[in-house]
Amino acid sequence: MSDSAVQYRRVLLKLSGEALMGELDYGIEPKVIQRIAAEIATAQKTGVEIAIVIGGGNIFRGAGLARAGMDRVTGDYMGMLATVMNALAIQDALESLDVYARVMSALRINEVCEDYIRRRAVRHLEKGRVVILAAGTGNPFFTTDTAASLRAIEIGADVLLKATKVDGVYDTDPLNNPDAKRYETVSYDQVLSEKLSIMDATAIVMCRDNNLPLRIFNLTRANALVQAMTGDDIGTIVTA
């Protein structure tokens with residue numbers, strides 16, 4: 001794949017923690033993280049500048065425990081720490097492939113990663129490093145989806161890519177309805193009005209208000225990550 005095939009200059013990839021589990025019930029499946037890292041490395045070699053926001057649901061889900069009685073703020077901070085663990089694992093997988101990567105955290109953990117500073121993150125991207133953004137926004141009550149929208153806007157990404165287990169946006173849940181209709185394109189307002197469960201409403205509104213395109217695609221499909229990052233027409237694109 002040549003640089004002439006690249007549509008995006010800079011992308012932000014939103015990965016859920018669950019994407020790292022593979023067939024496991026908990027934690028990180030080494031084969032899965034190596035495959036994801038290999039596809040990121042392939043895309044990065046085309047010249048695309050790549051930032052990643054990672055969730056922590058494969059290790060800890062604060063909202064779930066909050067419903068069971070844990071203090072929500074405590075649970076959310078624990079979830080942020082889980083994202084740091086995942087970010088370090090992705091960094092390690094990328095560096096094993098000779099890809100320079102930096103973990104930047106919204107919470108200060110200087111012994112293991114850098115603080116998130118927007119100008120520094122942009123500089124890393126300009127130098128060809130993959131930037132892995134951990135700990136969400138650093139604030140409780142905000143999801144990593146919202147963090148992904150916020151960071152994408154801050155760093156001037158051309159598109160926000162959300163990797164899921166389905167190949168786009170459907171009018172109903174395709175896992176429960178075999179006749180569900182997939183959208184090739186859909187508007188932000190339609191996502192909000194029809195309550196299409198792709199990202200939380202705050203994240204969608206931020207994308208809409210800042211004209212940030214959002215592409216939803218199936219991470220489990222071979223080479224899908226490379227195709228999404230280089231602008232191929234896969235999944236569903238969400239625009240105005």
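Look a little higher up for the structure.
Computed from a prediction, not measured in an experiment: that's the story for all the values here. (Residues numbered from 1 in each chain as written. Predicted model: local features only at pLDDT ≥ 70, side-chain atom pairs only at ≥ 80, totals over all residues. Heavy atoms only, no water.)

### Quick look at the pairing of strand E11 (residues 236–239)
Phase 1 of the analysis: With three bridges connecting them, strand E9 (residues 185–187) and E11 associate as parallel partners. Of the residues in E11, the one forming a bridge with Thr185 is Ile237.
Phase 2 of the analysis: The pairing of strand E10 (residues 214–218) with E11 spans three bridges and is classified as antiparallel. Residue pairing in the sheet places Arg215 in a bridge with Ile237 of E11. (Pairing = 2+ DSSP bridges. Helix = DSSP H or I, 4+ residues; strand = E, 2+ residues; numbered from the N terminus.)

### Considerations on the side chain of Ser105
Phase 1 of the analysis: Along the polypeptide, Ser105 turns up in strand E3 (residues 101–105).
Phase 2 of the analysis: Among the polar contacts made by the side chain of Ser105, one reaches the main-chain carbonyl oxygen of Leu107 at a distance of 2.6 Å.
Phase 3 of the analysis: Not counting residues within four places of it along the chain, the set of residues in contact with Ser105 comprises Val84, Cys113, Glu114, Asp115, Tyr116, Ala134 and Ala135. (Polar contact = N/O pair within 3.5 Å; in protein donor to acceptor, adjacent residues only side chain to side chain. Contact = heavy atoms within 4.5 Å.)

### A look at the packing of aromatic side chains
Any two aromatic rings considered together are summarised by their centre-to-centre distance and by the angle between their planes.
Phase 1 of the analysis: Evaluated as defined, the whole model comprises zero aromatic pairs.
Phase 2 of the analysis: In this structure, Arg151 packs its charged tip against the face of Tyr116, placed 3.9 Å from the ring centre. (Phe/Tyr/Trp six-rings, centres within 6.5 Å; stacked < 30°, edge-to-face > 60°. Lys NZ or Arg CZ within 6 Å of the ring centre and 35° of its normal.)

### Considering the packing of helix H1 (residues 30–44) against helix H3 (residues 72–95)
Phase 1 of the analysis: At a closest axis distance of 9 Å, the pairing of H1 and H3 adopts a crossing angle of 60°. Between H1 and H3, the crossing angle belongs to the class labelled oblique. Between H1 and H3 lies a crossing whose hand is right-handed. Contacts between H1 and H3 pair Ile33, Gln34, Ala37 and Ile40 from the former with Ala89, Ile90, Ala93 and Leu94 from the latter.
Phase 2 of the analysis: Across the contact of H1 with H3, the residue classes tally to seven nonpolar, one polar and no charged. (Axes fitted to C-alpha atoms, helices over the stretch in contact; angles between N-to-C directions. Parallel < 35°, antiparallel > 145°, perpendicular 65-115°, else oblique. Left-handed = near helix turned anticlockwise from the far one by under 90°. Nonpolar A, V, L, I, M, F, W, Y, C, P; charged D, E, K, R; others polar.)

### Structural notes on the pattern of salt bridges
Phase 1 of the analysis: By the definition in use, this model includes 13 salt bridges.
Phase 2 of the analysis: Between Asp76 and Arg72 there is a salt bridge, and its shortest N-O distance comes to 2.9 Å. Placement of both Asp76 and Arg72 in helix H3 is noted, with a separation of four residues, approximately one turn of the helix.
Phase 3 of the analysis: Between Arg208 and Asp209 there is a salt bridge, and its shortest N-O distance comes to 3.1 Å.
Phase 4 of the analysis: With relative accessibility at 51%, the residue Asp209 sits in the exposed group.
Phase 5 of the analysis: Where salt bridges share partners, they join Lys14, Asp145 and Lys162 into one cluster. (Salt bridge = Lys/Arg side-chain N within 4 Å of Asp/Glu carboxyl O. Buried < 20%, exposed > 50% of the residue type's maximum accessible area, 1.4 Å probe, protein only.)

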